[in-house]
Amino acid sequence: MYQHNGEEIFVIDGHVHLWDATAENIDHDGGEEFIQCFYDYHTTFTPEDRQWSIEEYRKYGPDRMVEDLFGNAATDMAIFQPTYLSDFYVEGFNTTEQNADLATEYPERFVLNGSFDPRDGEAGLEYLEELHEAYDIPGVKLYTAEWRGDSKGWRLDDEEAFRYLEKCAELGIENIHAHKGPTIRPLNRDAFDVADVDDAASSFPDLNFIVEHVGLPRLDDFCWIAAQENNVYGGLAVAAPFAQNRPGKFSEIMSELLWWLGEDRILFGSDYALWNPDWLVEEVLEAELTQEHRTEYGVEWDLETKRKVMGENAADLYDIDIEAKRRAFQDDEISREFGLGDHYAGEEPAAADD
Amino acid sequence: MTGTERATPEPSRAAVRDRLDRVTDPELDRSIVALEYVDRIEIDGARVAVEFTLPTAWCSPAFAWMMAVDARDEVESLPTVETARITLTAHMHETEITRGVNERRSFAEAFPDADGDVAAVRAELDEKARVARQYDAVEALLEAGLDPDAIVALRRRDFEGLDGGTAADGADETVAVYVGDRSFAVTAPAAPIERYLEKARETGLVSDPDDRLFRTPEGEPIDPDAFDLVRRRGRLAKVNMSSQGGICDGLREAREGRLEKSADD
């Protein structure tokens, strides 16, 4: 429970990874370029005294991850979003199976999502079923712009993708996180295109489509689609760290999101280890909208909105009972390890306004 | 200039820069000179060499291609330039792009793996740039005192004092805008309107004097009832571009810092 101006805020980090970009795991120049580019994102938006060295950044391991996420109570729970990149990394960059070790060690703290790629055909559908059986995944993270052999990407509204979405609906995998943001090897195709979310969202009203990175650099297309499809959500990873060194820009992006989507469809995510929640959560919670934006957009970044964006909206999508979690965390393994029991022992938090 | 005799004068560095200044990062709609992508300009008689770097090795090859082609064509449009050689550095596809552009191949030839040409992506980005520029032009007209009904009805012929060429340099220049069946005119700053018209022409929306100037993002005339929504969408397009610009600036600085550090080691 994050203490913010004397109020408790339950934080669910909607976007975390446990990756391995060590030299031994890199299979292709693209793998090295990829981690270097990630590192540039890291140093761009991380306060100087909180930056990691590139060596730490390549592989930080599960212990450090647990401490970074939960050690200072910046985050209460986290959702794993896998990034396979199997053409670049020998064992994959960050697969469901790799994340599963930590997620099964702390099942109360982590949510484990899977992934699919419709280009895998029947075998891919079977893999999705296996993930469902093995881990009961409640969601998937998808990379529509990932290269695979001769293919330069796929679309969520492809016929083949619809078969996978049907399978998700059938298995109860309700949360479809689409990476729509910083790119992975695009060529002439507009890898940032978010238009495919539109048809998929209207065709599968029972699924939730979370557009990660709020579509940046296609924020305009994303907001326009989300304004019309009420099962489309925005994940703040990449937009959130603007709060640290470009507060005016953060204010502007948040104002747009709050105006177009409303406060119920925006989800916080740190994109760990791109950025650490230990400083990022605080930056986002302390951020303020400028007076100009508040007047112009008529929106507020107030306590109620913060509670929703930082945790309650994700809790709704993932059927997480925040109050039950709070009680459970008074004495779970992580609270004992980091001495966090007091954080969860406070008065009953204000009831969520649903 | 050296003492050697030259049949034709060579272009000035300022003239080359001025041409490069007209090349935009298609995603950000900002000049590649202002964005500091241009690292080097070398002039050797009628041959010009330009070297440029993008914020990250991962910048879309399609966007990099567009900038390289535009830089080549702009520099070569100077009468004193015979050939422009463009070199892209520190990019995952620097070889394909540099070779392809200088050998005057098409994108599809340079990237046999790609699924065709870049025209569609370019058209889409031009359309976004138009929508963002429209926001600035409409704001200027609102500021000048026009009401939404008058603004959505404006046609190309209602403006007097537009040069019809490239964006006006002087920020002080104004245009007269005729409204109410040409019964009266107001003055407005020329620059945002010129900038808008330039993109509106490029996207083929406004060519005839009777064409409605302002459109929805889909290119349709604006229903006065939808004026506020279209305006908000324009603002959103601007916010998107400037946010992405913020990321690109940050990545460029971070990468420069990283490369300098490794050079020091």
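In case you missed it, the structure is sitting above this.
Residues numbered from 1 in each chain as written. Chains lettered and ligands numbered in written order. Predicted model: local features only at pLDDT ≥ 70, side-chain atom pairs only at ≥ 80, totals over all residues. Heavy atoms only, no water.

## Overview of the interface of chain B and chain A
Reports of interface size often rely on the accessible area that becomes lost once the parts have come together. The criterion, for reference: What makes two residues a contact is simply this: any of their non-hydrogen atoms within 4.5 Å. The term buried area denotes the loss of accessible surface (1.4 Å probe radius) that occurs when two parts are joined, taken as the sum for both partners. Salt bridge, as used here, is a side-chain nitrogen of Lys or Arg placed within 4 Å of a carboxyl oxygen of Asp or Glu.
At the junction of the two partners, chain B supplies 42 residues and chain A supplies 43 residues. Interface area for chain B against chain A, summed over the two sides, is near 3,800 Å², with a carbon-plus-sulfur share of 58%. For chain B, the biggest contributors to the area lost against chain A are Trp-58, Arg-232 and Leu-236 of chain B; these three give 21% of the whole. Where chain B meets chain A, there are six salt bridges.

## What to know about the sheet that holds strand β5 (residues 83–89) of chain B
Residue and element names in this part refer to chain B. Selection criterion: For two strands to count as paired, DSSP must find a minimum of two bridges between them. Here a strand is any run of E in DSSP of at least two residues, a helix any run of H or I of at least four, and the numbering for each starts at the N terminus. Simply put, an axis is a line fit to the C-alpha atoms, just over the touching stretch for a helix, and the angle between two N-to-C directions goes from 0 to 180 degrees.
Pairing in this open sheet of three strands is mixed, and the strands run β3-β4-β5 from one edge to the other. Unpaired on one side and paired on the other, β3 (38–44) and β5 mark the two borders of the sheet. Here the average twist between neighbouring strands, direction ignored, is 15 degrees. Bridge count between strand β4 (residues 47–53) and β5: seven bridges; the pairing is parallel. The residue of β5 that forms the bridge with Glu-51 is Thr-87.

## Quick notes on the nonpolar core
Threshold: The definition of a nonpolar core used throughout is a set of buried Ala, Val, Leu, Ile, Met, Phe, Trp, Tyr and Cys residues joined through side-chain atoms within 4.5 Å. Remark: exposure states derive from per-residue accessible area (1.4 Å probe, protein chains only) relative to the maximum for the residue type, with buried under 20%, exposed over 50%, and partly exposed in between.
If you look at the biggest cluster of nonpolar residues, it comprises 130 residues, and the most contacted ones within it are Phe-110, Phe-222 and Leu-257 of chain A. If one sorts the elements of this core by residue count, helix α1 (residues 29–45) of chain A sits on top with seven residues. Sequence-distant contacts of Leu-257 of chain A, that is, excluding residues within four places in its chain, are made with Val-214, Leu-219, Phe-222, Cys-223, Leu-236, Gly-262 and Ile-266 of chain A. Judged by nonpolar contacts, the second largest core, of 39 residues, contains Ala-64, Met-66, Val-81 and Phe-107 of chain B.

## Section: the packing of helix α8 (residues 219–228) of chain A against helix α10 (residues 247–260) of chain A
All names here are of chain A. Counted only if it meets this: Reported orientations rely on four angle classes, namely roughly parallel under 35 degrees, roughly antiparallel over 145, roughly perpendicular from 65 to 115, and oblique for the rest. When the near helix sits turned anticlockwise from the far one by under a right angle, the crossing is termed left-handed; a clockwise turn instead gives a right-handed crossing. Nonpolar residues are Ala, Val, Leu, Ile, Met, Phe, Trp, Tyr, Cys and Pro. Charged residues are Asp, Glu, Lys and Arg, and all others, Gly as well, are polar.
Here α8 crosses α10 at 20 degrees, and the two axes come no closer than 9 Å. Taken together, the axis directions place α8 and α10 in an arrangement best described as roughly parallel. The handedness of the crossing between α8 and α10 comes out as right-handed. Taken together, the residues of α10 that come into contact with α8 (itself represented by Leu-219, Phe-222, Cys-223, Trp-224 and Ala-227) are Ile-253, Leu-257 and Trp-260. Considered class by class, the residues forming the contact of α8 with α10 number eight nonpolar, no polar and no charged.

## Some thoughts on the pairing of strand β8 (residues 184–189) of chain B
Note that strand β7 (residues 174–179) of chain B and β8 of chain B share six bridges and pair antiparallel. In the sheet register, Tyr-178 of chain B faces β8 of chain B, and the bridge partner there is Ala-185 of chain B.

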